[in-house]
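Chain residues, written in single-letter form:
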Amino acid sequence: MEIGTRYEPKDMEMKWYKKWLENGYFTPKGSGPKYSIVIPPPNITGRIHMGHALNITIQDILSRYKRMQGFDVLWLPGEDHAGIATQTAVEKYLNSQGKSKHDYSREEFLEIVWDWANKYRNEIKKQIMSIGASVDWTRERFTLDEGLSRAVRKVFVDLYKKGLIYKGKYIVNWCHRCGTVLSDEEVEYHEEEGALYHIKYPIKGEEDYLIIATTRPETMLGDTAVAVHPSDERYKKYIGKTAILPLVGRELPIIGDNYVDPSFGTGALKVTPAHDPNDYLIGQRHGLAFVEIFDEKIVINENGGRFKGLKADEARKAVVEELEAQGYLVKIEKLKHSVGRCYRCDTVVEPRLMDQWFVSMKPLAKRAIESVEKSEVRFVPERWKKVYLNWMYEIRDWCISRQLWWGHRIPVWQCQDCGHYNVSEDEPKVCEKCGSANLKQDEDVLDTWFSSALWPFSTMGWPEETEDLKRYYPTDVLVTGFDIIFFWVARMIMSGYEFMNEKPFTEVYIHQLVRDKHGRKMSKSLGNGIDPLEVIDEYGADPMRFTLAILAAQGRDLKLDVRFFDTYKKFANKIWNATRFVLMNLEDFEKIEIEKEDLKLADKWILSRLQKTIKKVTEALDDYDFNIAAGEIYNFFWDELCDWYIEAVKNRLKLEDRKVVQNVLVYVLDMSLRLLHPFMPFLTEELWTKLPTAGESIVIAEWPKTKDNLIDEKSEKRFEELMAIIRGIRNVRAEVNVPQSTKVDIYVKGKLNDEEQGYIKFLGNVSNVEFVSVRPQLCATAYVSLDVEAYVSLGTLIDVSSEVQRLKKKVEKLRTELEKFAKKLDDENFLKNAPEDIVEETKEKQRTFLEQISRIEQIIHDLEVHG
């Protein structure tokens, strides 16, 4: 059966995906050993990015691999409603239309967001399909669908009844742009240029003063104390005295507290309990007043006196000017310090004292810590275990309320008559305490990660006791990025133990961060992002998937250059053309049982190499070494199967042992395509189904098993020696400018049988092999070992004298270039500052040049000594 002359991915990808869905290959059958994965649900805020593409590719490789091994695979898909992210995106869209969220009632706004959600859920589904993801779409879930909403309400109520959810006034992270609280994990800290303002705080009743250094002079309007370290000799005498707050006149007690760092600033600290988390704790310890100076827009309120109505940055400028005018400002120093910003909109986050809902995390963390300590849940690579545990040991309570409209509304109804909180899965009709019907539901919604934390079991039907939960929970592996270990992974582990009394997954594979070719993080501001959908459109899904897999080395970020996609599209073309060649030579194919005595050396070699490749690819996939697995199959298919075996047997396809060659080719190609299938599903399905031995679909074909009886070390060693001789002949030709198309004679010291001579003649374009006991004149060394020496006869092909002179000049030129590489590699600054790939490239060039110089010098020696 023939195929077209060119690999055209667009023609085949959706054709095959549609057939796979129609045949239900991605829906588990419920028999055999189970293997389950839940997809990290992408946000419904637009297009997937290259990080998603890597994540989906890795999960699909695992799912397809396990499916071929006979596992009952469930890969469960779905999307996340992404509270802040989605509401922000919709608000931006409304702003572009000249409208605002405030032009709508809550219900009207939510209708708009639901339309957005349905549109983008469908878009994301198409995008995931285009990558070739073998997810079971019949089980697709959404974090705001009715089933998951019910699970969220039940979890909230259960935790509340256990005393693990509470409402309290605490310092929280406030984003005034998004108009909501953020959890600690949603605040991203960056080193930024700032200033340290040194301010005099007078001592009451004395001519003395303390100098206090602060990065936020505007917050002094809310100061209620000055703190020093109790053992700081400079300030001991001030403890118990009173300072006067400049510009305001408020009396501030001077207290001793161990939190104060004597080495920072002046060692004296202004305490603003309502606007700093650490000051809040000091305030609680010492019973200080809490003075709030900002409203929800971070504008100074009435407690700011004459500065009322100013935004924070305006207030800073005005306060500093006034301090200077009144003689309180001592100096301003430049300072680099850490500034917290909203992870969604990059606005500076303001600590505020607010009434919010919290989850008490310490009781939930206990089993989640033990499970990872005891390796019930295992991180790959293992170094992420320590990162996870360090965070869990210091876990703080989780603020779960968000001042948004889009999300799971908090299932709490406060009685407007007695103030009681009615917490219920279903809307109560009357207050459970006083019987009043005057109830009002909390306006806030839950943090997006609250519902995401339940994803492994809520998606399978919990709180119902479903068949899916019995069979597929706990899942086998979670594939995710390191940036959401705290947001998501930790909370899923805690939730799994709390509500299922079981871990949610056995292994957590933390994949790489996709960076640009220079190692920079991809971002809109740098304009260095690579759109996976555009890559698929230009190169095809399979080359993109293979590129991501072969670069996915454990524990190292992935540096992506668009040139790589072209490289692996060439690989896809190579696979296509090799298969086409085989198919064109199968018109009289008859499957036969091959006897070992029928096999020639090349057959034994390729069959042995295939068995070792099967073993290595299988072991690499079991160990999550996707780059090693991809590299093994790439090297086998391109170098060994295409460049050596197929070339070696072309002439045999015209001879009497054609049937043996056909059967070896079909078997090796069949197994190779199966090994490739998890990486390149579309291409392999298209080609595999054309083979005379093909079954219904490669998706459900059996994964190759190693046949130990086909491993033949002796044949491998001998054929590889012949390959080395042929390479040597080709290298000599290249160095002395004898075209590969020109036949040459060779001399051999040692033994070669007729079959071995045949390979050398055919693949090395050799006309005559002459056996000698003494090395002849006018020849160049092609290969030397203990058993065999091979020399290329050059006497009639070159002018020896002029060729020696030319080669010497070439060596001089190569040495000049080599010195440049050596100089770079001896430079510590280059090694320290140059990108890793540039250093490796320089080392590789140095190795290549050294090898070439060695080869040429050998030829010069041969021609001068034996000329």
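Let me begin by describing the structure that accompanies this report.

Rules used in this analysis
For every chain, the first residue of the written sequence is number 1, and numbering continues from 1 onward in sequence order. For a predicted model such as this one, the threshold for reporting local features is a pLDDT of at least 70, and the threshold for listing and counting side-chain atom pairs is 80 or more; totals across whole chains, interfaces and linings nevertheless cover every residue. For the side-chain quantities, the full set of heavy atoms in the structure was used; hydrogens and water were omitted. Comment: elements are numbered from the N terminus, with helices defined as DSSP H or I runs of at least four residues and strands as E runs of at least two. To sort residues, take the accessible area from a 1.4 Å probe on protein chains only and compare it with the maximum for the residue type: under 20% means buried, over 50% means exposed, and anything in between is partly exposed. Residue exposure ignores everything except the shown protein chains as possible cover, and the areas themselves are Shrake-Rupley values with a 1.4 Å probe. Any two strands with at least two DSSP bridges between them are considered paired. To obtain an axis, a line is fitted to C-alpha atoms, over the contacting stretch when the element is a helix, and the angle between two such axes runs from 0 to 180 degrees between their N-to-C directions. We call two residues in contact whenever any of their non-hydrogen atoms come within 4.5 Å of each other. The distinction between a cavity and a pocket rests on a 1 Å grid over the protein atoms alone: a 1.4 Å probe fits inside a cavity but cannot get out, while a pocket stays open yet meets protein on both sides within 12 Å along at least five of seven lines, and a residue with an atom within 4 Å of a point counts as lining. Grid points are joined across faces, edges and corners, and a volume is the space filled by probe spheres set on the points. Residues are sorted three ways: Asp, Glu, Lys and Arg are charged, Ala, Val, Leu, Ile, Met, Phe, Trp, Tyr, Cys and Pro are nonpolar, and all the rest, Gly among them, are polar. Pairs were defined over the aromatic rings of Phe, Tyr and Trp, the Trp ring being its six-membered one, requiring ring centres within 6.5 Å. Orientation was assigned from the angle between planes: stacked under 30 degrees, edge-to-face over 60, tilted for the rest. In this scheme, the term charge over a ring applies when either NZ of a lysine or CZ of an arginine sits within 6 Å of the ring centre and within 35 degrees of the ring normal. The crossover handedness rule: strands pointing away from the viewer, path from first strand over the helix to second strand clockwise, crossover right-handed.

1. Considering the overall build of the protein
- Looking only at helices and strands, the protein has 25 helices and 29 strands in total.
- For the protein, the spread of C-alpha atoms along the principal axes amounts to about 110 × 65 × 55 Å.
- When the 867 residues of the protein are sorted by exposure, 55% land in the buried category.
- Per element, the accessible surface of the protein, about 38700 Å² overall, is 48% carbon and sulfur.

2. Some thoughts on the sheet that holds strand β23 (residues 505–511)
- Spatially, three strands are ordered β15-β23-β22 in an open sheet, and the strand pairing comes out parallel. The sheet is open, and its two edges are formed by β15 (378–380) and β22 (475–481), each paired on a single side. Going across the sheet, the axis of each strand differs from the next one's by a mean of 20 degrees, ignoring polarity.
- Across the sheet, helix α2 (residues 50–68) touches β22 and β23, and the angle it forms with β22 is around 160 degrees.

3. Notes on empty space enclosed by the protein
- Applying the stated rule across the entire model yields two cavities of 30 Å³ or more.
- Counted as a void, the largest cavity has a volume near 120 Å³.
- Going through the elements one at a time, α5 (146–161) and α13 (485–500) are the ones with two or more residues in the lining of the largest cavity.
- The element best represented in the lining of the largest cavity is α13, accounting for five residues.
- By residue class, the composition of the lining of the largest cavity is 11 nonpolar, one polar and two charged.
- In this structure, the second largest cavity occupies an estimated 30 Å³ of space.

4. Looking at the sheet that holds strand β9 (residues 225–228)
- In spatial order, the strands read β10-β11-β9-β12; together these four strands make up an open sheet with mixed pairing. What marks the edges here is a single partner per strand, and that holds for β10 (242–244) and β12 (268–271). Ignoring strand direction, the axes of neighbouring strands in this sheet form an average angle of 30 degrees.
- With respect to the sheet, helix α6 (residues 277–286) is in contact with β11 (251–256) and β12, its orientation differing from that of β12 by roughly 85 degrees.

5. Overview of the layout of surface pockets
- The volume enclosed by the second largest pocket comes to roughly 740 Å³.
- Along the wall of the second largest pocket there are 21 residues; nearest its centre are L551, R556, K559, F564 and D837.
- Looking at the lining of the second largest pocket, the elements that each hand over two or more residues are α15 (541–551), β25 (558–560), α16 (562–584) and α25 (836–865).
- With five residues, α25 is the single largest residue contributor to the lining of the second largest pocket.
- Residues of the lining of the second largest pocket, tallied by class, amount to nine nonpolar, two polar and 10 charged.

6. Thoughts on the packing of aromatic side chains
- Going through the model one piece at a time under the given rule, you end up with 46 aromatic pairs.
- Between K19 and the ring centre of W16, over which it is positioned, the NZ or CZ distance is 5.1 Å.

7. Digging into the pairing of strand β2 (residues 72–76)
- Burial of β2 is extensive: five of the five residues sit out of reach of the surface.
- Where burial is concerned, the two faces of β2 agree: the one with D72, L74 and L76 and the one with V73 and W75 are both buried.
- Bridge count between strand β1 (residues 34–38) and β2: five bridges; the pairing is parallel. Within the sheet, the bridge partner assigned to I37 lies in β2 and is W75.
- Handedness of the β1-α2-β2 crossover: right-handed.

8. Remarks on the environment of P428
- Counting through the fold element by element, P428 comes out in the loop between β19 (421–423) and β20 (439–441).
- Once the C-alpha coordinates of P428 and P411 are considered, the two residues, 17 residues apart in sequence, prove to be 9.8 Å apart.
- Once you skip the residues sitting within four places of it in the chain, P428 turns out to touch W413, N422 and L439.

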